[in-house]
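Structural overview
One letter stands for each residue in the lines below.
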Amino acid sequence: MHFMSPMRTPATADEVMAVVLALRRVVRRRLRAELPGPLLRGGQVELLQLVETEPGIGVAAAARALHLAGNSVSTLVNQLGASGLLRREIDPTDRRAARLYLTDSAVARLARWRDTRSRLVGDAFGRLSEDEAATVVAALPALRHLLTELAEDAE
């Protein structure tokens, strides 16, 4: 008979996801309240962050990286382009393809977003006990490994 460790139960998996999603939701809500400008949804922010780390990425490659359908990324590109946050240029080697770049406005917005997020989370982190803070830091490698495992399962 196979016994499941209490740490590997469906309830634990549900709790991990509930905490991660709640953290994201609370931080996103606080950021929206503190930052000026039009409201950006999660997928829009994720695409901007991807283009920031990979300037010139194509739409198809962005869709693969974000695990989204190509038409979903095309919609995000159109929305962000209309908002003045993303620039699309024709690929000189394949005129049917587009390369994506952040506008100066997007670069500034992401910097403000990142600075504000760091302050919000850092302030809350500073209110944890030393043991709680150390536990959170100690959990980061395992959480990264969990992310890698989940990402590999999706491919």
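Residues numbered from 1 in each chain as written. Predicted model: local features only at pLDDT ≥ 70, side-chain atom pairs only at ≥ 80, totals over all residues. Heavy atoms only, no water.

With respect to the nonpolar core
The condition that has to hold: The term nonpolar core refers to a set of buried residues drawn from Ala, Val, Leu, Ile, Met, Phe, Trp, Tyr and Cys, joined through side-chain atoms within 4.5 Å. Exposure classes here rest on a 1.4 Å probe applied to the protein chains alone. A residue is buried below 20% of its type maximum, exposed above 50%, and partly exposed in between. Put simply, DSSP marks the helices as runs of H or I at least four residues long and the strands as runs of E at least two long, and each gets a number from the N terminus on. We call two residues in contact whenever any of their non-hydrogen atoms come within 4.5 Å of each other.
One finds L47, L48 and L86 to be the most contacted residues of the largest nonpolar core, which totals 26 residues. Elements supplying a minimum of two residues to this core: helix 1 (10–34), helix 2 (42–53), helix 3 (59–66), helix 4 (70–82), strand 2 (94–102) and helix 5 (104–126). In terms of residue count, the dominant contributor to this core is helix 2 (five residues). What L48 contacts, discounting residues up to four positions off in sequence, is L40, L80, L85, L86, L102, A106 and L110.

Side note on a nonpolar patch on the surface
Which entries qualify depends on this criterion: Patch membership requires over 30% relative accessible area and the absence of a salt bridge. Like charges are linked within 9 Å, and nonpolar side chains (Val, Leu, Ile, Met, Phe, Trp, Tyr) within 5 Å. Surface accessibility follows the Shrake-Rupley procedure with a 1.4 Å probe radius. Residue values consider only the protein chains on display as shielding. Here a salt bridge means any side-chain nitrogen of Lys or Arg lying within 4 Å of a carboxyl oxygen belonging to Asp or Glu.
Residues F125, L128, V136, V137, L140, L143, L146 and L150 make up a contiguous nonpolar surface patch of about 610 Å² in total accessible area. Here the element with the most residues in the nonpolar patch is helix 6 (residues 130–154); it accounts for six residues. Note on placement: L140 falls in helix 6.

Considering the UniProt feature "domain: HTH marR-type" (unreviewed entry) in the protein chain
Heads up, the rule is: UniProt positions are given in the numbering used here, feature names are shortened, and annotations may be inferred rather than shown by experiment.
Mapped onto this numbering, the UniProt entry gives "domain: HTH marR-type" (unreviewed entry) at residues 13–152. Summarising residues 13–152: 72% helix, 11% strand, and an end-to-end C-alpha distance of 17 Å.

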